[in-house]
Amino acid sequence: MYADWSSLTLQLQCLGSATQSVLAKLPHDDGKQVVSAVVKTVAANLGITVPSDAKPSTLNTEQEVNWCMEVICHGLCLPLTDHEVIRDSVNIYCEWLSALLPNPKVCVPKPVLEDANFYAQKIITQLNHLFIPRKGEEEHLLNTMTDKNAKGRNTAQDTIHRQAVVCHRVLRRVQELAHQSQIMERETWEALLSFLLAINDALLSPPAVKDDIGDQLCERVLGVLFEIWLIACVKSFPSPTLWKTFREMCMNWRHRTGLVTQWTRVNLALTSRLLAFLYGPKFPILNIPKEDMDLVPEDMTNECVAQAWYRFLNSLGNPVELSKPISVSNTQQFKEYALKSYGVVDPTYHPCLASLPNIFLKAMKGVSAIVDAYLGLPRAGQIMSMSRSTSANSGPASTPAAGGSSSASTQSLVNPTIMIATVTGTLSDQQNLSPSPLRPSCNSILHLFGLWLFEASFIGTDLSRGGGSPRGNRNCADFPNQMGGSRPSSLSAGSSSLTAESVDLPPGLLPERFESGRAEALGALCRIFCSKRTGEEILPVYLARFYLAVQHGLAVGPDKVVSECLASILLNSSNLLRIDLDGVNVLAPSLVTALETVLPEREVKLTANYINKADLRRAAIHLLQSLLTLPLHFSNMPIKELLPTGERPAVHNFNQLKPRLVNLLINALQVEVEAGNTQMLLGCLMLTVQDSAALEEAELRQNDRYSDNSARNSIGIFHAASDTGSHMSDHTSVSADLGSQHGGTSLTEHSGLDSTFDTATDSAHALFVRATYLVCHRLISSWKSDLSTSLAALEMLSGLARINIPEQDALECKRAVKWLCDYIVTQCSRPPQAHSKDLHSSIVAAFQACVTWLVHHPYLLGDKECLSTVVEVAELGISGSKSQQKASNPPVMKEEKVLNPASRRVRDAAENLLSVVMEQVGYFPSLSGSESLSSLLDESTLLLQCNSWGGEQVTNRTAVQAFRYFVIDQTVVLGVLEESLGNSQDPQPTVTSIIRCPSNKAVWTLQLRHLPRHKSGQVQRMANPGRPLAMADLGARKDSKPCFFPDSIEKIPLCAADRSIPAVESIAGDETAAMELDRLARLMEQQSILEKELSHKIEEEDSYSVEFECSPPEPCSEFQTARLILSHLGFLSIPALRGAIDSPVPRLVALDNENPQFVQDIENLDRLSPRTYDTIHAYYVRSGQSSVTDILANSCSGDLSVLYLEMLAALGWPVNVATHPGWTGDMNSSWKQTNEERSEPPSPLVSGPGPVRFDGSSAILYWADVSSELAIVVPSGAHQDSRPCSSQGSANIGQDNISTHSSSSHDTGKDADESEDRGPVSLSLDLDREGFTRRKVGRTHQPPDLRHRVIIDHKVAVVWLESLEDAAVFPASDLNNYCLVIFVHPLATGLLRIKLSGITGKMSLATPLVDGMVVSRRALGPLVRQTALNMCRRRRLDQDSYQPPHVRRKLKIQDLVQKYRSHMTESEFFAHLFISPKF
């Protein structure tokens, strides 16, 4: 840059001898006397002590002034012992220099005032003598300071201190001139800058000696130099000659720590100003201390800032040479020291060079901070307020700078944590840690800093440059030209690390001592390359050199100690494998080897104690989750070597990495203790199992020539949106994400802790076994006390249950269920003080996981032991204890137990498990399909099938009146239809019942049969054959009166016992009883008369009477079947019809179905889903889009990515909203009945080339299992009915005024978060018909129907990004209130990168997907769906007043009891059963 300009270095170094006074020719004493007399006289008029005593100078001519200046100049050269003379000389010149200030002192001579610039130049030049060390005297003082004589040592220290004081006086005056003078000419500025260069060189160029004048003034003189130089850039920009001199002299001071400190301060201050006008106000502000910002004058122009920044940046030359003691010590002063000192063979052995490792580290941290500033990363400016303690190998730390950094080790969290947070966002106190979208390209930054960073990253390797190589002095601007041609010689495999002129270095200056600085350079390089934008290209020569640097930095020694370089690479390379760097996969073997030294170790061995182990492990996990999919994706693709060595590589294809990665993942999960890291590892493990199972399923289909052309195919899905009939039973809850495999061997022993592998240990079956065992084991042993980790483990177990592996061992699944039950028992058995909301949330999640296992593995309930375990844990959750704690103990009956569940939430979860076991396990999906757990029939449908139906139109109100309604135990609504259906042929007692319970709605037809159906046809029914004819003549009838007692009865005398029974008349106590007895006597008399008349009539008739002939009755065709079924079920007993003390409502209650509102409430109950329901909104974002309108319009495009359509196909199957009986994403159109009347015709299917038809207006994508419903909607914005928010018009579902005032439903548990609910409560859920905003309302000062208004359906956004940078500007808040946003970005390799964004809080994220994960196309759909469902479940667990679906249905049933209960006595109830309903 300054090659064509001359340098003033030699001239300034000789400035002292060139400006000597004429008095130097005289003897020392004579010259001293002259100086003392003159200086004392002149100084007396200055008024230094008392400013008011200042007098005008008597020097009136130039000759007088020049003569005095000759004397004063000699005074500045006197020995330091003549302190008073030197002090007075300094005071005179400092006062005279005020002539350049706006208000000069009165003591300034007139000639100086008249030509201030001329005399100021001479004065400034002569002041140089003050700073020049006195030859011989300084050495004597230093020797005295090391002497044991305390008096001499104090005298020497005092002498040096006095010199420092007068030097500070001069420097203050110079600063005043630079800041305040308005008349300084360019020559004066150059003289001033030359003076500062000269004194700095005089003080700092010699080898540093502790406590000498150079050591004491180092920071001060350097600070003044840089400060005034910046001011000069504004007032009189230095000439190229001065810039060249400045650069050359700075290179002579590089052994001084203060130089690098000041260099970094100025560079950061200039960088802050530079970035402000280069990239605009939206670019992140570089936060640096105010005193550093003040170094740059406010009036400095942008052009001046740019010029000064570039020149200051290169003022040290190549900072990497700080790691080369030979280059640093290659100065005249160091060579003189080596010649004078005994036993020193080379200048590199000077003790002051021992601080070079620390100086080099500071320089590289400065470069790293500037790089961070260009990337837009935060807190880069704080690099100067903190310092990182170097390792023991880095040599002794130098004295901390006065205005710079402290030697504390607080820097341990500056770069590493900010770097990892930049990539992972794991620090809670860091915001906006991603690189700025306005940042320059990677190539631009590498053009500026690439040469330095690359050279520093190769220190100590075979690719490093020699210490004496002239190439090391190249300017950064030459680097692109050098790299753009042929490969530099430093990249050749045969290059040497040292040149021929290298010498043996001291032990403290060996290349490995500079590892801290090298690690800093590697970290900066990693951050540059990891900030690559989508579609950005980096020069291949930069990529090749970077890969070489990383490969050497990842080298692991035999002791497996994590070096600073390795740690720096891991901390800063989390994004390395997921940003589409060309050829980056060549680093996969080296990365796996490096991860094997970090993740499997319980105590990671580190060479530097400042590295945070948790952050290091987190960064390693991020790299691991980017590596997991590579073996299955690239399979046998070879991995090329960067520099061929001629030897066979240990890993030559990706398949060989899979066993190592699986081992690494399992071992890391065994030793991990940090909750966040554990969740990430669990997500990685789930990804591995899911991907392996999906791949084996695909291979099995391919081998069997299986072709899937169903509507779920990524191409055909959008042409079959209305064809939902085939999906009612074909698409089950398992079919969408279950995979199968072949060829796996059954393991008879757990191999989760075994590190050895055979040929089948990386199969899906083997992974399933190891994952299940490991997660279950650690769940109980280590993770049970942490909620987030427990939830992640339970979510993974639920995900494993959904993976269908044909050859999986039933014993393993049984053990998994046993582990889950043991976990529930362990959590419930914890002491009362340990019970909390988090604990009960984990128990509820465990019950949900147990439900998933049983539904997907129904054969487990065929095992007696497993069934007993499940039922016992359900009993524990419901009642709080087991009936039989030990096998030897007698069981406690249900009636004798005291119900004391852990909490109401736990009880509800246990009831749900028991309900699923009884109703769904082995029977899901039903004939209605996965879309509905309930029967799709209702009253009107059944009534149309009755024999009595005459073809007239039947309304819902009419149909309901044909039924009898009873409520059993306030939980089951029993609707009874006593009419026989049209398909009933036999005149049997038939009843059709609609059973509405908390879990579902079922329709059953029952018949009372005395014979089984297969024997009913064998009974022959004949017509009346008539009376048989007599075979003989009719005999004579004997008239005889029947006698009931013997004739002698009247003769037997009565005894006392016969008189013990009193007469009836004698016991009548009151008139009422007497009247009843009289009435009874009259009835008996009337009956006696009637019988006598009938007897007399018969006696008078002799002929045969046909009317009295006996004939068999006709078979009964009408039955009171409601009475029969209730009687057979045991509910017609008197206790069942009476209330009890603890439950005022009887077990059996009849409902009044005559009320006009009853029909509506029954329909509302039917539209309360027994499952949770959530919504996924899928968006496609083209590169650069941030407008809501543009994003919604993409759904109508036909050129969307095929991978996006494939993902939608994997999320669910298409259904027609008009006929869909389940959740549609909108309350208005969900859970319709089959015969529901429609005021409007169904909306026609929206046509379009893209997925717009699934916008929710006519069709959606749908998925469901036994406990959840999921609607996948693609909002388009094209129709008013296509609303992205499912809460609009939500009231039409009819979930209004759900409440209960029964004390039987209140919680008796110990949950801290539900302590307010103990005692009678009023639970409600009010959704008015005009729509409402779901929010939580405080319990106090609110009506009962507002207390539990909570969010029921949660929404998750799945956003497909063409450019990952658009995630930062995605308008999620403008579209809806999402609890989680899942960004999916396709990589060039065909893999997909995941980025998550959620609401901050304890339940902010869920598994299996974690931020930064790279997944395959095979596993994307199931993992996205599971993550969305798990996130919604977590949000529900976090809501204090959330009610599960079956509880909400139960409360609705209780509300029906309160509103429509028929209050009847027992006799009235029985009479009611004999009266047929009217309709």
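Structural data are supplied above this passage.
About the cut-offs
- Residues numbered from 1 in each chain as written.
- Predicted model: local features only at pLDDT ≥ 70, side-chain atom pairs only at ≥ 80, totals over all residues.
- Heavy atoms only, no water.
- Helix = DSSP H or I, 4+ residues; strand = E, 2+ residues; numbered from the N terminus.
- Polar contact = N/O pair within 3.5 Å; in protein donor to acceptor, adjacent residues only side chain to side chain.
- Contact = heavy atoms within 4.5 Å.
- Axes fitted to C-alpha atoms, helices over the stretch in contact; angles between N-to-C directions.
- Parallel < 35°, antiparallel > 145°, perpendicular 65-115°, else oblique.
- Left-handed = near helix turned anticlockwise from the far one by under 90°.
- Nonpolar A, V, L, I, M, F, W, Y, C, P; charged D, E, K, R; others polar.
- Buried < 20%, exposed > 50% of the residue type's maximum accessible area, 1.4 Å probe, protein only.
- Pairing = 2+ DSSP bridges.
- Phe/Tyr/Trp six-rings, centres within 6.5 Å; stacked < 30°, edge-to-face > 60°.
- Lys NZ or Arg CZ within 6 Å of the ring centre and 35° of its normal.
- Salt bridge = Lys/Arg side-chain N within 4 Å of Asp/Glu carboxyl O.
- Core = buried A, V, L, I, M, F, W, Y, C linked by side-chain atoms within 4.5 Å.
- Expected span 1.5 Å × (residues − 1).

Draft legend 1. Here's a closer look at the side chain of N1430. Positionally, N1430 belongs in helix α47 (residues 1417–1438). Separated by 2.8 Å, the side chain of N1430 and the backbone oxygen of T1407 make a polar contact. Discounting chain neighbours no more than four positions away, the residues touching N1430 are E795, A1406, T1407 and P1408.

Draft legend 2. Quick peek at the packing of helix α27 (residues 613–627) against helix α30 (residues 675–703). Two elements in contact, α27 and α30, have axes whose closest approach is 10 Å; the angle formed by their N-to-C orientations is 15 degrees. In terms of axis orientation, α27 runs roughly parallel to α30. The element α27 and its partner α30 pack so that their crossing is left-handed. Residue-level contacts link A614, R617, R618, I621, H622, L624 and Q625 of α27 to N677, M680, L681 and C684 of α30. The residue makeup of the contact of α27 with α30, split by class, is six nonpolar, three polar and two charged.

Draft legend 3. Summary view of the pairing of strand β13 (residues 1380–1386). When you tally the buried positions in β13, you get six out of seven residues, the bulk of the element. Pairing geometry for strand β12 (residues 1355–1361) and β13, over five bridges, is parallel. What sits directly across from A1357, in β13, is V1381. Relative to strand β14 (residues 1392–1398), β13 runs antiparallel, the two being bridged by seven bridges. Following the sheet pairing, L1380 is matched in β14 by G1398.

Draft legend 4. Representation of the packing of aromatic side chains. Overall, the coordinates contain 36 aromatic pairs when judged by the stated rule. Pairing F360 with F514 gives two aromatic rings, centres 5.9 Å apart and planes at 75 degrees, and the pair type is edge-to-face. Of this pair, F360 sits in helix α19 (residues 356–375) while F514 sits in the loop between α22 (479–484) and α23 (515–530), and the two are 154 residues apart along the sequence. F514 sits in the buried class, given a relative accessible area of 1%. Judged by centre distance (5.9 Å) and plane angle (50 degrees), the ring pair of F546 and Y547 falls under tilted. This pair shows no difference in class: F546 is buried, exactly as Y547 is. Members of the aromatic cluster, joined through ring pairs, are F226, W229, F237, W243, F246 and F312. A cation over a ring is seen here: R311 above W243, with NZ or CZ 5.8 Å from the ring centre.

Draft legend 5. Region of interest: the pattern of salt bridges. This structure, assessed with the given rule, holds 44 salt bridges. Its salt-bridge partner being E190, residue R186 comes within 3.5 Å of it at the nearest N-O pair. Taken together, the residues span about one helical turn, with R186 and E190 both in helix α11 (residues 186–204) at a distance of four residues. Overall, R186 belongs to the partly exposed group, its relative accessible area being 37%. R618 is the partner of E674 in a salt bridge, and the nearest nitrogen-oxygen pair spans 3.4 Å. Remark: R618 occurs in helix α27 and E674 occurs in the loop between α29 (657–671) and α30; sequence separation between them is 56 residues. Exposure remark for E674: the relative accessible area of 26% places this residue in the partly exposed category. Given a relative accessible area of 8%, R618 falls into the buried group.

Draft legend 6. Expanded view of the environment of L270. Residue placement: L270 occurs in helix α14 (residues 257–279). Overall, the relative accessible area of 0% leaves L270 in the buried class. Setting aside chain neighbours within four positions, we find L270 in contact with L230, V296, M300, V305, A308, W309 and F312.

Draft legend 7. Representation of the environment of N612 within the structure. Turning to its location among the elements, N612 is positioned in the loop between α26 (588–595) and α27. Residue class for N612 comes out partly exposed when judged on its relative accessible area of 28%. For the pair N612 and L571, spaced 41 residues apart in sequence, the C-alpha separation works out to 9.9 Å.

Draft legend 8. Broad picture of the nonpolar core. In this structure, W96 and F449 are the most contacted members of the largest nonpolar core, which totals 327 residues. No other element matches the 14 residues that helix α12 (residues 213–235) contributes to this core. Aside from chain neighbours lying at most four places away, what touches W96 is V42, L59, V65, C68, M69, I72, C107, V108, P109, V112 and I123. By size, the runner-up hydrophobic cluster in this structure holds 27 residues, among which are F963, V967, I994 and V1149.

Draft legend 9. Quick peek at the environment of K235. Locating K235 in the fold gives a position in helix α12. The exposure class of K235 is partly exposed, given its relative accessible area of 40%. Each C-alpha atom, one on K235 and one on M300, is 9.0 Å from the other, the two residues being 65 residues apart in sequence. When near neighbours in sequence (up to four residues on either side) are disregarded, K235 contacts A178, H179, Q180, S181 and W189. Polar side-chain contacts of K235 include one of 2.9 Å to the backbone oxygen of A178.

Draft legend 10. The arrangement of helix α48 (residues 1445–1460) in detail. Taking 1.5 Å of rise per residue, the 16 residues of α48 would be expected to cover 22 Å, and the 22 Å separating its terminal C-alpha atoms lies within 8% of that figure. Most of α48 is tucked away, with 13 of its 16 residues classed as buried.

Draft legend 11. Here's a closer look at the sheet that holds strand β3 (residues 990–996). What the five strands build is an open sheet, ordered β4-β3-β2-β1-β5; its pairing is antiparallel. Two strands in the sheet have a free side with no partner beyond their single neighbour: β4 (1001–1007) and β5 (1148–1150). Strand-to-strand twist in this sheet, taken as the mean axis angle between neighbours without regard to direction, amounts to 25 degrees. Direction of pairing for strand β1 (residues 964–968) relative to β5: antiparallel, over a ladder of three bridges. Looking at the pairing, I968 lines up with L1148 of β5. Set on the sheet, helix α42 (residues 1121–1128) makes contact with β1, β2 (972–977), β3, β4 and β5; between it and β3 the angle comes to about 60 degrees.

So yeah, pure geometry; function would need other evidence.
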